[in-house]
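Fold and geometry: a report
Chain by chain, the residues run as shown.
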Amino acid sequence: MKDEAKANPSILALIELKPADMMEAFCAEHPVTRDAEARDGIEVVLTSGARGLSGEEIAEFPDLRLIAVNGVGTDAVDLDAATARGIHVTTTPDVLSEAVAELALGLAISVRRRIGEGERLLRSGGWSNGQKPRLGQALTGCRAGILGYGRIGRALADMLRALGGDVIYHARKPHDDAPEAWRPDTRTLAAESDVLFVTLSATPETRYIVDAPVLEALGSEGTLVNVARGSVVDSAALAAALHGGTLGSAALDVFEVEPVAPDGAEDGLLRAPNTLFTPHIASATNEARRAMAQLVIANIDAYLAGSPLPSPVTPA
């Protein structure tokens with residue numbers, strides 16, 4: 001039988017679940033506080049992949065038993081500190097894979113076909129004044145490299161194959177069930193790709209895995225699309241490659257420093273030519289966010305009931 005503390009724990013919400021009705025229902029059925037200073041009695045912390053929970057913060061919660069992450073990234077969560085304390089960590093895999101892959105595909109099409117550039121030309125009156133839009137590049141029929149072959153990478157591969165693309169990938173080791181061909185390292189993958197999609201997890205080992213040599217290998221006609229984390233791409237090297245013309249184009253949903261501001265740390269990227277940027281919205285659809293919220297709540301409810309967690313994280 002559950003003890004009284006577990007039957008009625010306190011939950012600290014550092015983020016809001018979306019859509020709003022999901023958060024309202026969650027708060028109506030659970031003892032939730034949004035007081036960021038709350039510490040004693042807090043057994044569950046609800047956070048996001050971007051917000052996370054640091055080791056220093058974990059140490060401040062003496063009763064913490066579950067970190068429920070609304071997202072798939074755990075790079076902002078100190079997994080070692082959580083494991084040392086026996087604290088469970090859960091994420092929301094699978095339910096957002098299609099949405100993230102869909103945005104990656106949309107970014108690639110948009111930047112290669114110069115859709116944003118064309119819209120700005122039209123809205124500014126340039127088209128009506130005789131200016132001609134520049135030619136773009138097709139995505140259909142090109143060779144797409146996928147860096148990271150997890151759930152999102154596989155969903156993206158399915159979409160690209162449906163467009164008639166030739167897909168290759170790099171992961172730590174080849175997957176026996178993969179219909180795509182494996183490449184042994186990132187530079188080889190980039191050299192053989194027209195478009196390089198980055199979908200791998202952010203870890204200390206993957207920091208700046210896309211560096212200047214990889215961008216050079218991708219080449220002056222190549223396109224980089226990043227829907228993973230900003231830390232996996234050397235943004236200074238990316239800005240230099242775009243400004244210098246050694247990389248053709250780039251489309252990013254994630255950045256090293258977020259949120260991005262003009263004249264801030266990512267200003268070189270914001271001023272780079274042949275780019276398209278979105279503000280970390282890869283999973284931001286009603287459908288995906290509702291499914292994510294449902295899985296977050298399912299993990300919390302399972303913990304409260306003393307049942308197996310639906311989507312626990314296994315620390316590396």
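So, the sheet that holds strand β4 (residues 66-70)
In space, the five strands of this open sheet follow the order β2-β1-β3-β4-β5, with parallel pairing throughout. Both outer strands of the open sheet, β2 (32-33) and β5 (88-90), are each paired with one neighbouring strand and no more. Bridge analysis of strand β3 (residues 42-48) against β4 gives five bridges, and the strand direction is parallel. The partner of Thr 47 across the bridge, within β4, is Val 69.

A closer look at the packing of aromatic side chains
What characterises a pair of aromatic rings is the spacing of the ring centres plus the angle enclosed by the ring planes. Counting across every chain of the model gives two aromatic pairs. A centroid spacing of 4.1 Å and a plane angle of 25 degrees characterise the contact between Tyr 149 and Tyr 169, whose relative ring orientation is stacked. Linking Tyr 149 in the loop between β6 (143-147) and α7 (151-162) with Tyr 169 in strand β7 (residues 166-170), this pair joins segments that are 20 residues apart in sequence. Considered together, Tyr 149 and Tyr 169 belong to a single accessibility category, that of buried residues. Across from the ring centre of Tyr 208, 4.5 Å away, lies the NZ or CZ of Arg 207, which sits over that ring.

Section: the pattern of salt bridges
For the structure shown, the criterion picks out 17 salt bridges. Glu 60 is paired through a salt bridge with Arg 39; the nearest N and O atoms lie 2.9 Å apart. Highlighted residues: Glu 60 in the loop between α3 (55-59) and β4 and Arg 39 in the loop between β2 and β3, separated in sequence by 21 residues. The exposure class of Arg 39 is partly exposed, given its relative accessible area of 22%. Linked by salt bridges that have partners in common, Arg 143, Asp 166, Arg 183 and Glu 192 make up one network.

What counts, and at which threshold
Residues numbered from 1 in each chain as written. Predicted model: local features only at pLDDT ≥ 70, side-chain atom pairs only at ≥ 80, totals over all residues. Heavy atoms only, no water. Pairing = 2+ DSSP bridges. Helix = DSSP H or I, 4+ residues; strand = E, 2+ residues; numbered from the N terminus. Phe/Tyr/Trp six-rings, centres within 6.5 Å; stacked < 30°, edge-to-face > 60°. Buried < 20%, exposed > 50% of the residue type's maximum accessible area, 1.4 Å probe, protein only. Lys NZ or Arg CZ within 6 Å of the ring centre and 35° of its normal. Salt bridge = Lys/Arg side-chain N within 4 Å of Asp/Glu carboxyl O.

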